[in-house]
Structures are given as structure tokens and as C-alpha cells.
Amino acid sequence: MADNVTPRVRVPRDAAAGESIVIKTLISHPMESGQRKDGDGNLIPRSIINRFTCEFNGQSVVDVTLEPAISTNPYFEFQSLVPESGTFTFTWYDDDGSVYTDTKDIAVS
Amino acid sequence: MKLTRRDSILLAMGASAAAMVPFTANAAVEDLINAFTGGAAVGDAGITLIAPEIAENGNTVPVEVDAPGAVAIMLLATGNPTPSVATFNFGPLAGSQSASTRIRLSKTQNVTAIAKMADGSFAQASSEVKVTIGGCGG
């Protein structure tokens with residue numbers, strides 16, 4: 001279905017304890033809305049990422065429900081608290097059942 | 001028929017009420033808002049929605065919402081074929097209850113954000129975005 005899905009995440013390498021950091025995520029995905037028609041006038045079926053989550057050491061930072069109105073290559077920017085060193089886990093859930101994940105480590109001083 | 005002052009005022013009110021109808025009578029949007037709020041009253045303080053006034057390309061319109069103290073924010077594009085855009089649920093580690101993303105808009109319309117606050121109240125903000133090229137058809 002969705003080919004060449006590549007998640008990209010930007011997280012600062014280190015931070016002070018309790019600091020709020022900015023995280024930017026982008027995943028390449030066509031986000032076919034289900035509204036478009038192909039050359040023969042047939043509806044192209046919907047194929048989107050319907051959920052995105054970000055967790056830090058197992059605790060939820062943000063959990064987003066996506067609808068077809070999110071643009072191609074869904075981009076999110078949000079902030080997270082980092083109480084200690086650990087790992088961010090980013091998960092994208094595709095309509096076709098695929099799950100894409102990415103992880104980033106952060107050192108807290 | 002001779003128009004009295006009272007008649008003309010009534011007429012003007014009727015005309016403006018008729019003009020309002022296309023904006024308020026969007027049943028799908030009302031349903032979505034009611035499903036999210038459970039029918040509770042929606043205030044307008046404590047939420048900021050930043051969207052461009054004019055979007056040349058309706059395929060990627062950058063929007064940003066910020067609602068300190070919110071547990072969830074729902075984004076709606078009232079003029080899209082399906083008005084839902086996204087729902088952000090903030091966890092305990094969210095650094096601030098704000099997020100930005102890029103959305104599709106099919107035509108010039110109002111973008112609405114509704115925040116569910118930690119105390120159970122709701123706040124709403126809207127912004128009109130003029131779209132030059134729509135982003136939903138094919």
C-alpha cells in the first residue's frame with residue numbers, strides 16, 4: 001500500500017531535568033483521503049495514518065487521532081517534559097494495519 | 001404596501017437571520033461538537049488557534065493550537081466534506097498543551113478548535129481561512 005514510509009523525528013540530544021523540549025515529527029505517507037478520483041472516475045480508497053502516539057519511558061506525551069484532512073506527510077510539533085534520561089518512542093498506525101515506529105534517546109543532566 | 005419603521009426593522013432582521021443560516025446549519029459539525037463535549041456549554045477563553053488568513057494551497061495549511069490546562073483538543077474544518085481533522089490527547093508528560101500540524105482545506109471556511117480542560121469545561125476558538133486552491137478533490 002503505502003510505499004517508502006520513512007519516519008523522521010527531531011529531538012534535542014540533551015536537556016536539563018524537568019525542561020520542556022520541542023519535538024518535531026514527520027512521516028512520509030500519501031494520506032489518501034478517500035475523496036479523490038483516478039483518471040477513470042473511480043474513487044481512490046482511503047489509506048491514511050489514523051493514529052500517532054509519542055511516549056517517554058512508557059508514559060504518554062501525546063496521542064493524536066488523525067482524520068483524512070491531515071496533509072500528505074503528516075507533520076507534528078509538540079512539547080514534552082523530560083524528568084530523566086530515557087527514550088522517546090514514536091508510533092504511527094496505518095489504515096492497512098502497518099505500524100511504524102521510531103525511537104530517540106535523550107540524556108538529561 | 002406602506003412600510004412603517006417597525007416593518008422595515010423586522011424585514012432587516014429577517015434578512016440577516018436568513019443570511020446567518022448557511023453558517024450555523026451545519027449538522028455534521030454540530031454533531032461532532034456535541035459528541036466531543038457531551039452537550040456541555042462551550043466557552044471561548046483559554047484557547048488560541050493560529051491559522052493563516054489566506055492559504056494559497058489548501059493541501060497543506062499550517063495550524064497551531066494552544067490551550068494551557070487542556071487534556072484534549074479537537075480540530076474541525078467546518079467546510080470540508082468530512083469536518084473532523086484531528087484530536088490531540090495530551091498525556092502526563094506533555095510539556096505544554098499545544099501542537100502544530102498541517103491540514104487540508106477544501107475551500108474558504110472556518111477552522112475550529114475545541115479544548116477539553118482538566119476541570120471538565122470546554123473552550124472554543126475559530127479562525128477563518130481563505131483558500132485559493134482547494135485541497136480535497138482530485
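In every chain, residue numbers begin from 1 and rise along the written sequence. Ligands are numbered from 1 and chains lettered from A, in the order in which they are written. Only residues with pLDDT of at least 70 get local features here, since the model is predicted, and only at 80 or more are side-chain atom pairs given and counted; chain-wide, interface and lining totals rely on the full set of residues. Remark: hydrogens and water are excluded; side-chain values derive from all non-hydrogen atoms of the structure.

A. Geometry of the pairing of strand β5 (residues 70-77) of chain B. Remark: exposure states derive from per-residue accessible area (1.4 Å probe, protein chains only) relative to the maximum for the residue type, with buried under 20%, exposed over 50%, and partly exposed in between. Helix and strand definitions follow DSSP, with helices as H or I runs of at least four residues and strands as E runs of at least two, each counted in order from the N terminus. With respect to burial, β5(B) is a largely interior element, 7 of its 8 residues being buried. Between β5(B) and strand β6 (residues 84-90) of chain B, which pair antiparallel and follow one another directly, the connecting turn spans 6 residues. Only strands that DSSP links by at least two bridges are regarded as paired with each other.

B. Focus on the packing of aromatic side chains. When the centres of two rings from Phe, Tyr and Trp lie within 6.5 Å, Trp using its six-membered ring, the rings pair. Their planes under 30 degrees apart give stacked, over 60 give edge-to-face, and anything left gives tilted. Taken as a whole, this structure holds 8 aromatic pairs over all chains when the rule is applied. Centre to centre, the rings of F56(A) and F88(A) are 4.6 Å apart; their planes meet at 45°, and the pair counts as tilted. On the criterion of sequence distance, the pair formed by F56(A) in strand β4 (residues 49-56) and F88(A) in strand β7 (residues 86-94) is long-range, its members being 32 residues apart. Taken individually, F56(A) and F88(A) each receive the classification buried, so the pair is uniform in this respect. Between the aromatic rings of F36(B) and F122(B), the centroid separation amounts to 6.0 Å while the plane-to-plane angle is 65°, which identifies the pairing as edge-to-face. With F36(B) in helix α2 (residues 27-37) and F122(B) in strand β9 (residues 122-133), this residue pair connects regions lying 86 residues apart in the sequence.

C. Local environment of the side chain of D63(A). Secondary-structure assignment places D63(A) in strand β5 (residues 59-66). Residue D63(A) is classed as buried on the basis of its relative accessible area, which comes to 18%. What qualifies as a polar contact is a pair of N or O atoms within 3.5 Å, subject to a donor-acceptor requirement within protein and to the restriction that residues adjacent in sequence count only when both atoms come from side chains. Of the polar contacts made by the side chain of D63(A), one reaches the side chain of R51(A); its length is 3.0 Å. By definition, residues are in contact when any of their heavy atoms lie within 4.5 Å. The contacts of D63(A), once residues within four sequence positions are left out, are R51(A), F52(A), T53(A), T87(B), F88(B) and N89(B).

D. Expanded view of α2(B). Residues and elements named next belong to chain B. Those residues of α2 that fall on the buried side of the exposure criterion are V29, I33, F36 and T37. Projected down its long axis, α2 shows its buried positions confined to an angular sector of 85°, all on one face. Those residues of α2 that are exposed and angled more than 90 degrees off the buried face are A27, D31 and A35. A positive backbone phi angle near 70° is found at G38, which sits one or two residues after α2. To be clear, the arc concerns the directions from the helix axis to the C-beta atoms.

E. Structural detail: the interface of chain B and chain A. Each partner contributes to the interface: chain B provides 29 residues, whereas chain A provides 30 residues. A combined buried area of about 2,400 Å² lies between chain B and chain A, and 50% of that area is made up of carbon and sulfur atoms. Considering only the side of chain B, the residues that lose the most area to chain A are L93(B), R102(B) and R104(B), jointly responsible for 31% of the buried surface there. We count a salt bridge whenever a side-chain nitrogen from Lys or Arg sits within 4 Å of a carboxyl oxygen from Asp or Glu. Taken together, the links from chain B to chain A amount to 0 salt bridges. Connecting chain B to chain A are 19 residue pairs in polar contact (both at pLDDT 80 or more). When two parts are brought into contact, each loses some accessible area as probed by a 1.4 Å sphere; the total of that loss over both is the buried area.

F. Seen up close, the sheet that holds strand β3 (residues 19-27) of chain A. Taken in spatial order, the 6 strands make up an open sheet running β1(A)-β3(A)-β6(A)-β7(B)-β4(B)-β2(B), and their pairing is antiparallel. In the strand order of this sheet, the two ends are held by β1 (7-10) of chain A together with β2 (48-50) of chain B, each with one partner. Each strand axis lies, on average, 20° off the axis of its neighbour in the sheet, ignoring direction. As paired elements, β1(A) and β3(A) share 4 bridges and run antiparallel to each other. Following the sheet pairing, V9(A) is matched in β3(A) by T25(A). Axis definition: a line fitted to C-alpha atoms, limited for helices to the stretch in contact. Angles are taken between N-to-C directions and run from 0 to 180 degrees.

G. Representation of the pattern of salt bridges within the structure. Residue and element names in this part refer to chain A. Counting across every chain of the model gives 4 salt bridges over all chains. Note that E32 is salt-bridged to R36, the shortest N-O span being 2.8 Å. For E32, a relative accessible area of 13% gives the class buried. When its relative accessible area of 37% is taken as the criterion, R36 is described as partly exposed.

H. Structural context of unusual backbone geometry. All names here are of chain A. At N57, a position not held by glycine, the phi torsion is positive, near 50°. Looking at the secondary structure, you find N57 in the loop between β4 and β5. Using a relative accessible area of 40% as the deciding quantity, one classes N57 as partly exposed.

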